[in-house]
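In case you want the letters, here they are:
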Amino acid sequence: MRLHVIEKDARFSCGSCGACCNQPWRTSIEADKASALDRHDFSKYTQLAGKRFYHAAADGRAGFFDLAKGEGTKCLFLDTDGLCIIHKELGAEAKPGMCRQFPLISSRTWVDERVSLNFACPSVQRGTGELLTNQAQDVAAVVPLSGRPVQADERVPLNARVTISLAENDALLGSIERLFEPGTDGDIWSRLSQSLDFVEQAIVKQGGAAVDLVVDSTAPIESLANPATAPLGTRMLFAATLQPDTMPADLTGRLGFLGRLTLIPKLMTLANFSGTYPSRVLGRNVTIQDGLAHPVAPDLDDESTALLCRYLHSRVWQRALMGTRLSILAGLHQHIHDVNAVLFFARAEAAEENSPALDAGHIRRGLGFVEFHLANQARVYDQTLKGWLRGQLNDVQVARQSLRLMRLPAATLARHH
Ligand code: SF4
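It should be emphasised that the depicted structure is a prediction, and the values quoted were computed from it without experimental measurement.

1. Here we look at the pattern of salt bridges
A full pass over the atoms with the stated rule returns 23 salt bridges. Here Glu349 and Arg284 are joined by a salt bridge, their closest N and O atoms 3.1 Å apart. With Glu349 in helix 12 (residues 328-352) and Arg284 in strand 10 (residues 284-287), this residue pair connects regions lying 65 residues apart in the sequence. Residue class for Arg284 comes out partly exposed when judged on its relative accessible area of 21%. A salt bridge links Arg325 to Asp382, with the shortest nitrogen-to-oxygen separation between them at 2.1 Å. Of the two residues, Arg325 is situated in the loop between helix 11 (302-318) and helix 12 and Asp382 in helix 14 (residues 380-383); the sequence distance between them amounts to 57 residues. When its relative accessible area of 15% is taken as the criterion, Asp382 is described as buried.

What follows is the structure in structure tokens.
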């Protein structure tokens, strides 16, 4: 039987900041919970007077509606005291399942359901709340267990061709987890580079073709002098990672055939790393070149590195993407692009503020944007250019170039040290 396994050091207590109730995304509510709202007397909440509480689901999902928005991107039911009106009036069980679950995220591995936390939540980023392992009952109440049988004999894809056993997978991902543990040295790039080395060594050990093991992982990762010269695969994968940020909120989620077709030219434009697009999460036009190259940072500070390490450790432990939805190599490569997207948003924010340095506040905001808006959306490799994008994700040489994309510029390093 499958069981929930909760991440050992994860901590969370809601600080009622309201950030998760003030986002441009759609909030799905189950049909029975929506009709319970209609039956309740909310007359003491003047902000609800004459308002429709929910609408037809924009993605046409059967059995669900979309909860209405109030002012701007705020949920209609977010009260002036920062609390949820549905919760206050009808209790926690009456809230949409997705609200009850946040910030828990569950990953279905071959043998268990690994529960960890969404790093968009400021309380999760601080890591100071109650241990999640002490909240097992609450977790069990809101994270459904899948009825899928345990698949203990499953083989895990290392790349597009080579597979390993579950025990080998645990050993490999265990070594990668240790690279991101507190008290270990190195910047985020050298740790990701070493992770790629481990995966590559495992591929060779399993009889897969040696690819580029000549790479010296102790050498610092050089930034790309001009990001626009990165290989097409790196540029397209970065564009694909950013893609949900270029779409109107009501269009996110799965795309129809036409949507998938119109996506390709948009991706190509993004991948050229030129021009400006209206960023949904930043709420303003962003010039890609500025976000890629804003030379504000001497290096990431220790606080930013520690936060990104905790984030990556959590995702590797969860086996989220790595080996479950994608091969281990492709999943790691996608995590590299998620970190690139964090840095892209952080730099765009620093550029907007004319900030002389990239600080932990920028990184926290960038991570929030990625976790709230990109990592939880359908990924482009699930929807369009599937074969090509997945092929690029499975290419270790492209992954090494992707790692260089957002490395802070050496020229800036020299200037500040
Ligand atoms: S973002 Fe986190 S701390 Fe803020 S209200 Fe949501 S769950 Fe609570």
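2. Things to note about the packing of aromatic side chains
Scanning all chains against the criterion turns up 10 aromatic pairs. For the ring pair Phe344 and Phe345, a centre distance of 5.8 Å and an interplane angle of 65° mean the geometry is edge-to-face. Of the two residues, Phe344 and Phe345, neither departs from the other in class, the shared state being buried. Ring pairs connect the aromatic residues Phe238, Phe273, Phe344, Phe345 and Phe369, which therefore count as one cluster. Looking at Arg61, its charged tip hangs above the ring of Phe64, at a distance of 3.6 Å from the centre. The cationic tip of Arg114 hangs over the ring face of Trp317; the distance from NZ or CZ to the ring centre is 5.1 Å.

3. Brief notes about the layout of surface pockets
Its boundaries defined by the atoms lining it, the second largest pocket holds a volume of some 640 Å³. Along the wall of the second largest pocket there are 29 residues; nearest its centre are Phe180, Pro182, Ala306, Cys309 and Arg310. When residues of the lining of the second largest pocket are traced back to their parent elements, those giving at least two are strand 6 (113-117) and helix 11. Along the lines of polarity and charge, the residues of the lining of the second largest pocket split into 11 nonpolar, 8 polar and 10 charged. Each of domain 1 (4-142) and domain 2 (227-416) gives at least three residues to the lining of the second largest pocket.

4. Remarks on helix 12
An ideal rise of 1.5 Å per residue puts 36 Å on 25 residues; helix 12 measures up with 36 Å between its terminal C-alpha atoms. For helix 12, the buried fraction is high: 23 of the 25 residues fall into the buried class. Once helix 12 finishes, Asn354 follows within two positions and takes phi at roughly 50°, a positive value.

5. Here we look at empty space enclosed by the protein
In the structure shown here, the tally under the stated rule is 2 cavities of 30 Å³ or more. Taken as a whole, the second largest cavity spans an internal volume of roughly 30 Å³. Taken together, Ala240, Thr241, Pro244, Leu374, Ala378, Arg379 and Val380 make up the full set of residues lining the second largest cavity. For the lining of the second largest cavity, the per-class residue count stands at 5 nonpolar, 1 polar and 1 charged.

6. Considerations on the sheet that holds strand 3 (residues 54-56)
Backbone hydrogen bonds hold the strands of a sheet together, and the pairing may be parallel or antiparallel. Strands sit in the order 2-4-3 across an open sheet of 3 strands; the sheet is antiparallel. The sheet is open, and its two borders are formed by strand 2 (28-30) and strand 3, each paired with just one other strand. The sheet shows a mean angle of 50° between the axes of neighbouring strands, taken without regard to direction. Note that strand 2 and strand 4 (residues 64-67) share 3 bridges and pair antiparallel. Looking at the pairing, Glu30 lines up with Phe64 of strand 4. Set on the sheet, helix 1 (residues 31-39) makes contact with strand 2, strand 3 and strand 4; between it and strand 2 the angle comes to about 85°.

7. Re the pairing of strand 6
A large share of strand 6 lies buried, amounting to 5 of its 5 residues. The alternating pattern of strand 6 places Glu113, Val115 and Leu117 and Arg114 and Ser116 on opposite faces, both of which are buried. As paired strands, strand 1 (residues 4-6) and strand 6 are joined by 3 bridges and run parallel to one another. Counted as the bridge partner of Ile6 is Val115 from strand 6. Pairing geometry for strand 5 (residues 104-108) and strand 6, over 5 bridges, is antiparallel. Bridge assignment links Arg108 to a residue of strand 6, and that residue is Glu113.

About the thresholds
- Residues numbered from 1 in each chain as written.
- Predicted model: local features only at pLDDT ≥ 70, side-chain atom pairs only at ≥ 80, totals over all residues.
- Heavy atoms only, no water.
- Salt bridge = Lys/Arg side-chain N within 4 Å of Asp/Glu carboxyl O.
- Helix = DSSP H or I, 4+ residues; strand = E, 2+ residues; numbered from the N terminus.
- Buried < 20%, exposed > 50% of the residue type's maximum accessible area, 1.4 Å probe, protein only.
- Phe/Tyr/Trp six-rings, centres within 6.5 Å; stacked < 30°, edge-to-face > 60°.
- Lys NZ or Arg CZ within 6 Å of the ring centre and 35° of its normal.
- 1 Å grid on protein atoms, 1.4 Å probe; cavity = no way out; pocket = protein on both sides within 12 Å on 5 of 7 lines; lining within 4 Å.
- Points joined across faces, edges and corners; volume = space filled by probe spheres on them.
- Nonpolar A, V, L, I, M, F, W, Y, C, P; charged D, E, K, R; others polar.
- Domains from an automatic or database assignment.
- Expected span 1.5 Å × (residues − 1).
- Pairing = 2+ DSSP bridges.
- Axes fitted to C-alpha atoms, helices over the stretch in contact; angles between N-to-C directions.
- Contact = heavy atoms within 4.5 Å.

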